[in-house]
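# Inside the fold
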Amino acid sequence: MTRLSPRNALRRAAGLLAAAGLLAVVPLAGAAAPARADEPPVFTLGGPAETSLHPYRAGGGPKPSRLGITVTAPSGEEGTGFAGRFTLTFDLSGVAGVADVAFDGAASGAETSDGGASGGGALGAGASGGGTAPDCEVTGAKAVCVGTGVRPGTHPVAALVVTAAAGGERGDSGTITVTGEAEGAAFTPFTTRVTVGGPDLVMEELPFRTELVPGDRQQAPITFANRGAGDAEGVLLTLRYTRGLDIPQRYSNCRYSEDDPGPSGVGRTTALCTVEGAFEAGEAYTLATPLTIEATERAYRDTFLYRIEEAGPPRPAPAAFERGDGAVLRAVPVTGPQNRAAGRTADPTPHDNQREADFRTENTADFAAYGDRVSGARGATVTADVGFRNVGPAWIGHLRSGEDVAVVDFTVPRGASVVAKPDRCRAVTAAGEYREDQRSPAPRYLCPTSPAVHDGEGLDLPFALRIEEVLIGAEGEVTVRAPSARNPALPFDPAPANNTARLVLNGGDDGDGPSTPPTSDPGPDASPSGAPATSAPGGGAAGASGGSDSGTGSGHGGGLASTGSGALTVAGAAAVALTAGLALVAAARRRTGRYS
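Residues numbered from 1 in each chain as written. Predicted model: local features only at pLDDT ≥ 70, side-chain atom pairs only at ≥ 80, totals over all residues. Heavy atoms only, no water.

### Topic: the packing of aromatic side chains
- Counting across every chain of the model gives 17 aromatic pairs.
- Between phenylalanine 224 and tyrosine 285 the ring centres are 5.8 Å apart and the planes differ by 25 degrees, which places this aromatic pair in the stacked class. Of the two residues, phenylalanine 224 is situated in strand E16 (residues 223-226) and tyrosine 285 in strand E21 (residues 284-287); the sequence distance between them amounts to 61 residues. Side by side, phenylalanine 224 and tyrosine 285 carry an identical accessibility label, which is buried.
- The rings of Phe208, Tyr241, Phe304, Tyr306 and Phe359 are connected pair by pair, giving a single aromatic cluster. (Phe/Tyr/Trp six-rings, centres within 6.5 Å; stacked < 30°, edge-to-face > 60°. Helix = DSSP H or I, 4+ residues; strand = E, 2+ residues; numbered from the N terminus. Buried < 20%, exposed > 50% of the residue type's maximum accessible area, 1.4 Å probe, protein only.)

This is how it looks when you write it as structure tokens:
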């Protein structure tokens, strides 16, 4: 019996490549079915339809192939993940005498046959993380993995190391079936086939120009080879590229999806292209017409992934994918010495199924902060809407490091205290230092973005403020800056002057108020991003925030925040009268001093 735990590998696999699922190919077994509010969530297990094994070599030992298993949980409005324990059971009896199976110690971050190195696993329900990587035990013809927590979206959950069994022959084949169970959730089972001596497709790396300017185009003559021991009947070409890139061609044998950016904020396009034909062992192939890769006006730091695998039996298209209406994408043999050399190359490693290229585009993004103007009487609770917008033109994403792009630094105006704040914001001291107490009101709050901020988007942050003392024209500050206070400048921002705005409390209408959310025209696919506000215990009504930090986030422009009670209308009138009275008293004092 073999026992291993990939927890350490999960820690090593942290970063945006995991958080964003940049390399996780759309699940080949279909999408998870959305669950109704009164039904348990349904998770879909998936992976490659078939995996080829290197034939067993007497005296040389077996060469392993990796088989990645994924789990897809409903995302967006349909699901929020799963925080409980789950069990996966692998029935290995179908490959007895055909293959030997073990579990990769880097299961949650390993190179997988259906999606590449995705890292991070499916663990951690919700944005706060948590959960553990599965622990797996293999006993004879059965393996059991136990884990905790499933995030929304598609993520690798286990990586099997499969080798041809001693004494096996070319053409031997068998199946592995994976089932799952959990209290309060259901799993759709998955079956995959392994074959000894089948095709082994390898993607060749393209020599892209990676330093670009918006509008640059270059050709991508994608080329692959079959270095296995059997022919491939059709291939599946997967193209996956981030927000700043585009492939203008839309082929009729490709299905396209504009992925929901999800919590990580990394939006990308995925194309699944089924190319028909017999792709013979020892031969190399290239596209009949090269693709065109374009850096759009919103490009900044982008990634292009291209992957090849055997098409296998026809599969239904996921609902989110739409078929292209252009010509048919075809692959033709590579002629000459290149083809013969490709067939003689040493046996590939699993990562040869896919390649990726990182592009740096010379571009800028203007992050513009906005504040608000609110008024109220002493003891009243008002809502102040603050935040920022990326006016563009570029989107900004930290794809490899997974670091937050920016942080909104909010200083509370004197005379007020925060009774409810957005979830993403944390309380700090007036100097911006760590503050252990996160429950009681603080003088300052830091609100990080996700690792990506799209053009036309940003953060809308409603703060519920209790007016402790009426101070005419008290001001707070709203600044969008780099996450490091020591180096606050945003290197991509050409207009730092608008990184700061004001929140004015009981300031009257002097015509010089704070800004409202900047607007731009990013296109029909843009939408704001953020997290809902929550109530801070200890003072103030739970619903005092009056909104969430998603939406357009327009400022109040001096109006009173509604609490749903007529009492505040009276209190607001009293505040206006008090403000006017204080102004008259101040004027009278100035006149008295002038003529005395």
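Let us keep going from here.
### Notes on the environment of glutamine 438
- For glutamine 438, the location among the structural elements is in the loop between strand E33 (426-428) and strand E34 (444-448).
- A relative accessible area of 32% places glutamine 438 in the partly exposed class.
- Once the C-alpha coordinates of glutamine 438 and arginine 426 are considered, the two residues, twelve residues apart in sequence, prove to be 6.9 Å apart.
- Residues within four places of glutamine 438 in sequence aside, it is in contact with Lys421, Arg426 and Ala427.
- Of the polar contacts made by the side chain of glutamine 438, one reaches the backbone nitrogen of alanine 427; its length is 2.8 Å. (Contact = heavy atoms within 4.5 Å. Polar contact = N/O pair within 3.5 Å; in protein donor to acceptor, adjacent residues only side chain to side chain.)

### Thoughts on the state of the cysteines
- Counted under the stated rule, the structure contains three disulfides.
- Across a sulfur-sulfur distance of 2.2 Å, cysteine 136 and cysteine 145 are joined as a disulfide pair. Disulfide cysteine 136-cysteine 145: torsion about the S-S bond near 115 degrees, hence right-handed. Across this residue pair, the class does not change: cysteine 136 and cysteine 145 are buried.
- Each disulfide of the chain joins two cysteines, and with those cysteines numbered along the sequence the arrangement is 1-2, 3-4, 5-6. (Disulfide = S-S within 2.5 Å.)

### Considerations on the nonpolar core
- If you look at the biggest cluster of nonpolar residues, it comprises 39 residues, and the most contacted ones within it are Phe367, Ile396, Tyr445, Leu461, Phe463, Leu465 and Phe492.
- When contributions to this core are tallied by element, the ones reaching two or more residues are strand E27 (365-370), strand E29 (381-393), strand E31 (407-411), strand E32 (416-422), E34, strand E36 (458-467), strand E37 (474-481) and strand E38 (500-505).
- Of the residues forming this core, the biggest block, five residues, is contributed by E36.
- Among all residues touching isoleucine 396, those that are not within four sequence positions of it are Tyr300, Ala365, Phe367, Val405, Pro451, Ala452, Val453 and Phe492. (Core = buried A, V, L, I, M, F, W, Y, C linked by side-chain atoms within 4.5 Å.)

### What about the environment of alanine 284?
- Along the polypeptide, alanine 284 turns up in strand E21.
- Here the alpha-carbon distance between alanine 284 and threonine 335, two residues 51 residues apart in the chain, equals 8.3 Å.

### Observations regarding the sheet that holds E21
- What the four strands build is an open sheet, ordered E13-E16-E21-E25; its pairing is antiparallel. A strand with exactly one partner marks an edge of an open sheet, and here the two such strands are strand E13 (201-203) and strand E25 (331-333). The sheet shows a mean angle of 30 degrees between the axes of neighbouring strands, taken without regard to direction.
- Both E21 and E25 contribute to a ladder of three bridges, which runs antiparallel. By the bridge assignment for E25, leucine 287 is matched with alanine 331. (Pairing = 2+ DSSP bridges. Axes fitted to C-alpha atoms, helices over the stretch in contact; angles between N-to-C directions.)

### Here's the deal with the sheet that holds strand E17 (residues 232-242)
- Reading across the sheet, the seven strands line up as E14-E26-E23-E17-E20-E19-E24 and stay open at both edges, with mixed pairing between neighbours. Pairing within the sheet leaves two strands with one partner each, and these edge strands are strand E14 (211-212) and strand E24 (322-323).
- As judged from the two bridges shared by strand E19 (residues 254-258) and E24, these two strands associate in the antiparallel manner. In the sheet register, arginine 255 faces E24, and the bridge partner there is arginine 323.

### Structural notes on unusual backbone geometry
- Cis geometry is found at the peptide bond from glycine 392 to proline 393, where omega equals 5 degrees.
- Checked against the element boundaries, proline 393 lands in strand E29.
- Here the phi dihedral of asparagine 506 falls at roughly 55 degrees; this positive angle occurs in a residue that is not glycine.
- Secondary-structure assignment places asparagine 506 in the loop between E38 and strand E39 (533-535).

### Examining the confidence of the model for the chain
- Residues of the chain with pLDDT of at least 70 account for 68%, and the chain-wide mean is 76.
- This model gives residues 106-131 a pLDDT under 50, and the stretch forms 104 contacts once residues within four places in sequence are excluded.
- Predicted confidence for residues 340-349 stays below pLDDT 50, and this span has eleven contacts to residues more than four positions away or in other chains. (pLDDT = per-residue confidence, 0-100.)

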